[in-house]
Amino acid sequence: MAMFIKSAESPRDWISDTKKEICFIGRSNVGKSSLINTLANNNIAKTSNMPGRTQLVNFFDFGKYRVVDLPGYGFANVSKSKQLDLLNIINTYLTQRENLICVFLVCDINVITEKDVEMVDFLSNNFPNFYILLNKSDKYSKSHFDNNKIKIASYLNVDVDKLIPISAKKKTNITKLFNCIDNFC
Ligand SMILES: Nc1nc2c(ncn2[C@@H]2O[C@H](COP(=O)(O)OP(=O)(O)OP(=O)(O)O)[C@@H](O)[C@H]2O)c(=O)[nH]1
Ligand SMILES: [Mg+2]
């Protein structure tokens, strides 16, 4: 059974072992924490209608591997200095964590922005082993995705096969996501 282990900000408080980790990153409010709850089939991560809910690095045990929930970024109502703090935490985790084997960038399929493009660019240069989860696809028809996936991939500057449309709410493509995780762990 998946469970919450701890929240931490600085690397000295991270868990020190060799267990593999995957993480979810993305703009505030795209549904990273909700997705972790869907994967766990249990409410183990805190979610909110208000962007900026997750402000630390949160570790969850999933047995064979750990899942890490990172703070969201890019929400205008959060102060500039707080935004910089959050980006710093994310950057430190992504660039220093040796346990990290795969990154899942979560986007809102209905609102893909320049901030998503910037993160894809950062990942391409620093952590090429990443996938893009287009969440909230319950509000976006399958045929609409099929018609637009090439456009979305080219806007984000990635191959189409890096894109996985999902819905944390409706559990769409969650098996596909688990298969993807299993391939790494
Ligand atoms: N329609 C729909 N809403 C969703 C889905 N996943 C999450 N949400 C909603 O999106 C809002 C934000 O969800 P969170 O999981 O807290 O988002 P987050 O990315 O963790 O946000 P931060 O912690 O601020 O970075 C909540 O109101 C969720 O109910 C989905 O698949 N479909
Ligand atoms: Mg969150």
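Going by the structure above, here's the rest.
Numbers given for residues are sequential positions, taken from 1 along each chain in its written order. Both sets of labels track the order of writing: A upward for chains, 1 upward for ligands. Thresholds applied to this predicted model are a pLDDT of at least 70 for local features of residues and 80 or more for the giving and counting of side-chain atom pairs; totals over whole chains, interfaces and linings are not thresholded and use all residues. Note: side-chain values were computed over all heavy atoms of the structure, leaving out hydrogens and water.

Asker: I'd like to hear about the layout of surface pockets, residue by residue, with values.
Answerer: Over the atoms rolls a probe the size of a water molecule, and in doing so it shows where empty space is left. Here a cavity denotes grid points, spaced 1 Å and computed from the protein atoms alone, that fit a 1.4 Å probe unable to get out, and a pocket denotes an open set having protein on both sides within 12 Å along at least 5 of 7 lines; residues with an atom within 4 Å of a point are the lining. Grid points are joined across faces, edges and corners, and a volume is the space filled by probe spheres set on the points. Of the volumes computed, that of the largest pocket is approximately 430 Å³. If you trace the largest pocket, you find 25 residues lining it, with Asn29, Gly31, Ser34, Ser48 and Lys136 closest to the centre. Secondary structure elements follow DSSP: runs of H or I of four or more residues count as helices, runs of E of two or more count as strands, with numbering from the N terminus. At 4 residues, the largest contribution of residues to the lining of the largest pocket is made by helix H1 (residues 32-40). When residues are grouped by polarity, Ala, Val, Leu, Ile, Met, Phe, Trp, Tyr, Cys and Pro land in nonpolar, Asp, Glu, Lys and Arg in charged, and all others, Gly among them, in polar. Along the lines of polarity and charge, the residues of the lining of the largest pocket split into 4 nonpolar, 14 polar and 7 charged.

Asker: Hey, could you go over the packing of aromatic side chains for me, with residue numbers and the actual values?
Answerer: Geometry of aromatic contacts follows a simple scheme: Phe, Tyr and Trp rings, the Trp one being its six-membered ring, pair when their centres are within 6.5 Å, and the pair is stacked under 30 degrees between planes, edge-to-face over 60, tilted otherwise. Summed over all chains, the structure comprises 6 aromatic pairs. Between Trp14 and Tyr93 the ring centres are 5.5 Å apart and the planes differ by 75°, which places this aromatic pair in the edge-to-face class. Here Tyr93 lies in helix H2 (residues 80-96) and Trp14 lies in the loop between strand S1 (3-8) and strand S2 (21-25), a separation of 79 residues in the sequence. Classification of Trp14 as buried rests on a relative accessible area of 8%. The rings of Phe24, Phe104, Tyr131 and Phe184 are connected pair by pair, giving a single aromatic cluster. In this arrangement the basic side chain of Lys162 is found over the ring face of Phe130, its NZ or CZ atom lying 4.4 Å from the centre. Ring-over charges, as used throughout, are those where CZ of Arg or NZ of Lys falls within 6 Å of the ring centre and within 35 degrees of the ring normal. A cation over an aromatic ring shows up here: Lys162 above the ring of Tyr131, its NZ or CZ 5.7 Å from the ring centre. A simple rule labels every residue: compare its accessible area, found with a 1.4 Å probe on the protein chains alone, to the largest value its type can have, and call it buried under 20%, exposed over 50%, or partly exposed in between.

Asker: Describe empty space enclosed by the protein, naming the residues involved and giving the relevant values.
Answerer: Tallied over the entire structure, the rule returns 1 cavity of 30 Å³ or more. The space that makes up the largest cavity amounts to roughly 30 Å³. Ser28, Gly52, Gly72, Tyr73, Gly74, Phe75, Val78, Gln83 and Leu86 together form the lining of the largest cavity.

Asker: Summarise the environment of Ala8; cite the residues concerned and give the values.
Answerer: Looking at the secondary structure, you find Ala8 in strand S1. We classify Ala8 as buried; its relative accessible area is 3%. Contacts are assigned to residue pairs with any non-hydrogen atoms lying within 4.5 Å of each other. When neighbours within four sequence positions are excluded, Ala8 is seen to be in contact with Asp13, Trp14, Leu56, Val57 and Phe59.

Asker: Give me the site of ligand 1: which residues, what numbers.
Answerer: Any residue with at least one heavy atom within 4 Å of a molecule or strand is counted as near it. Every one of the 22 residues lining ligand 1 counts as a neighbour, but Lys32, Ser34, Asn49, Gly52 and Asp138 are closest to it. By the criterion applied in these results, polar contacts are pairs of N or O atoms within 3.5 Å in which, for protein atoms, one can donate a hydrogen and the other can accept it, and in which residues neighboring in sequence qualify only through two side-chain atoms. Between an oxygen atom of ligand 1 and a main-chain N or O atom of Val30, the distance comes to 3.3 Å. Measuring from an oxygen atom of ligand 1, one finds a side-chain N or O atom of Lys136 at 3.1 Å. Computed on the free molecule, ligand 1 has an accessible area of 660 Å², of which 88% lies beneath the protein chains in the complex. Should more than half of a molecule's atoms lie within 2 Å of a pocket's or cavity's grid points, that molecule is taken to sit in it. Comparing atom positions with the cavity grids shows ligand 1 to sit within the largest pocket. Per-element tally for the shell around ligand 1: the top contributor is H1, with 3 residues. Looking at side-chain class alone, the shell around ligand 1 contains 3 nonpolar, 13 polar and 6 charged residues. For every accessible area listed, the method is Shrake-Rupley and the probe measures 1.4 Å; residues are considered covered only by the protein chains on display.

Asker: I'd love a proper account of the sheet that holds strand S6 (residues 130-135), names of residues and values included.
Answerer: By the convention used here, strands pair only if DSSP detects at least 2 bridges between them. Taken together, the 7 strands give an open sheet; going across it, the order is S1-S3-S4-S2-S5-S6-S7, and neighbouring strands pair in mixed fashion. At either end of the open sheet lies a strand with only one pairing partner, and these are S1 and strand S7 (163-165). When strand polarity is set aside, the average angle formed by the axes of neighbouring strands in this sheet is 25°. The sheet contact formed by S2 and strand S5 (residues 100-108) spans 5 bridges and is parallel. Whenever a helix is involved, its axis is fitted only over the stretch in contact; in every case the axis is a line through C-alpha atoms, and angles between N-to-C directions fall within 0 to 180 degrees.

Asker: Go over the side chain of Ser137, please, and point to the residues and values.
Answerer: The topology assignment puts Ser137 in the loop between S6 and helix H4 (142-156). Within the structure, the side chain of Ser137 is placed 2.8 Å from the backbone oxygen of Ile166, a separation counted as a polar contact. In this structure, Ser137 is in contact with Ile109, Pro165, Ile166, Ser167 and Thr172, ignoring residues within four places of it in sequence.

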